[in-house]
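# Structural overview for review
Here is how the chains run, residue by residue.
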Amino acid sequence: MENNEIMNNNEEVIETTTEEIVKAASNGGMKKATTIGLAMIAGALIAIMTSFNGILSTYTGNYTSSVLIHFVGLIGIILVLIINKSKLIYDKNISIFLYSAGVIGVFTVLFSNFTFVPLGASLTMALGLLGQTVSAIIIDHFGLFGVNVIKFNKKKLVGLAIICLGLVIMTI
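Residues numbered from 1 in each chain as written. Predicted model: local features only at pLDDT ≥ 70, side-chain atom pairs only at ≥ 80, totals over all residues. Heavy atoms only, no water.

Within the protein chain one finds five helices and zero strands. The N-to-C order of helical and strand elements in the protein chain reads α-α-α-α-α. Out of the 172 residues in the protein chain, the part that is buried amounts to 16%. Taking all contacts inside the protein chain whose residues are at least 6 apart in sequence as the whole, residues at least 24 apart take part in 65%. Surface summary for the protein chain: the accessible area is close to 12700 Å², and the carbon and sulfur share equals 72%. (Helix = DSSP H or I, 4+ residues; strand = E, 2+ residues; numbered from the N terminus. Buried < 20%, exposed > 50% of the residue type's maximum accessible area, 1.4 Å probe, protein only. Contact = heavy atoms within 4.5 Å. Areas by Shrake-Rupley, 256 points an atom, 1.4 Å probe, with all protein chains shown as cover.)

In structure tokens:
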């Protein structure tokens, strides 16, 4: 299978999966308030994780802490798989780039560790959220990776301006 065929196949899989998730959520599978609550909890956990990772890196160094963090994460997910009696699934038809999220995760932890001490937890998180927001807007606007196209509009520009103003205020 050629790369273009694999990419098209992956985009169809992502699109179908996204549609199924949205359909399940809109049919009462998960209430909007619960979804928003889970997203907020995830955000809080990321802030706690970034703090723990940054503190650990001051004791063990950036690279060693990154290895330790991912090793402990591996043990954690193995325990979750055992408790839930789930199996690891590997599909040879899925493009390798979809599996690259693990490598992206390594760099995310590493870059957060580098910035935690000089910037602190709140500025590291705020700048990270700006990067996530800009990236997400680009992904949505162009429908990258097979996601539904959600065009950029003026409301989002106002939101970005407010985020940037907040960052300026945080750094003063």
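So, about the nonpolar core. L123, A126, L130, I137, L160 and L167 form the largest nonpolar core, which has six residues in total. Top contributing element to this core by residue count: helix 4 (residues 101–142), with four residues. In contact with L123, other than residues within four places in its own chain, are L167, M170 and T171. (Core = buried A, V, L, I, M, F, W, Y, C linked by side-chain atoms within 4.5 Å.)

Our focus in this paragraph is the confidence of the model for the protein chain. Mean pLDDT over the protein chain: 85, with 83% of residues reaching 70 or higher. Mean pLDDT across the elements of the protein chain bottoms out in helix 1 (residues 3–29) (51) and peaks in helix 3 (residues 62–83) (95). Predicted confidence is poor over residues 6–10, with pLDDT under 50, and the contacts of this stretch with residues over four places away or in other chains come to eleven contacts. (pLDDT = per-residue confidence, 0-100.)

Right, let's get into the layout of surface pockets. Here the largest pocket defines a volume of roughly 320 Å³. In terms of lining, the largest pocket is formed by 15 residues, of which the most central are T50, T108, S112, G128 and Q132. Grouping the amino acids of the lining of the largest pocket by side-chain chemistry returns seven nonpolar, eight polar and no charged. Around the second largest pocket, the lining residues are H70, G73, L74, I77, Y99 and G102. (1 Å grid on protein atoms, 1.4 Å probe; cavity = no way out; pocket = protein on both sides within 12 Å on 5 of 7 lines; lining within 4 Å. Points joined across faces, edges and corners; volume = space filled by probe spheres on them. Nonpolar A, V, L, I, M, F, W, Y, C, P; charged D, E, K, R; others polar.)

This brings us to the side chain of T50. Checked against the element boundaries, T50 lands in helix 2 (residues 32–60). In contact with T50, other than residues within four places in its own chain, are S112, F116, T124 and M125.

Taken as a whole and assessed by the stated rule, the structure comprises four aromatic pairs. Ring plane angle 80° and centroid distance 6.0 Å describe the contact between Y63 and F114, whose orientation is recorded as edge-to-face. Of this pair, Y63 sits in helix 3 while F114 sits in helix 4; the two residues are 51 residues apart in sequence, bridging distant segments of the chain. What makes F114 partly exposed here is its relative accessible area of 38%. (Phe/Tyr/Trp six-rings, centres within 6.5 Å; stacked < 30°, edge-to-face > 60°.)

Turning next to helix 3. Given a rise of 1.5 Å per residue, 22 residues ought to cover 32 Å, and the 31 Å separating the end C-alpha atoms of helix 3 matches this to within 8%. Contacts made by the buried residues of helix 3 are with helix 2 and helix 4. (Expected span 1.5 Å × (residues − 1).)

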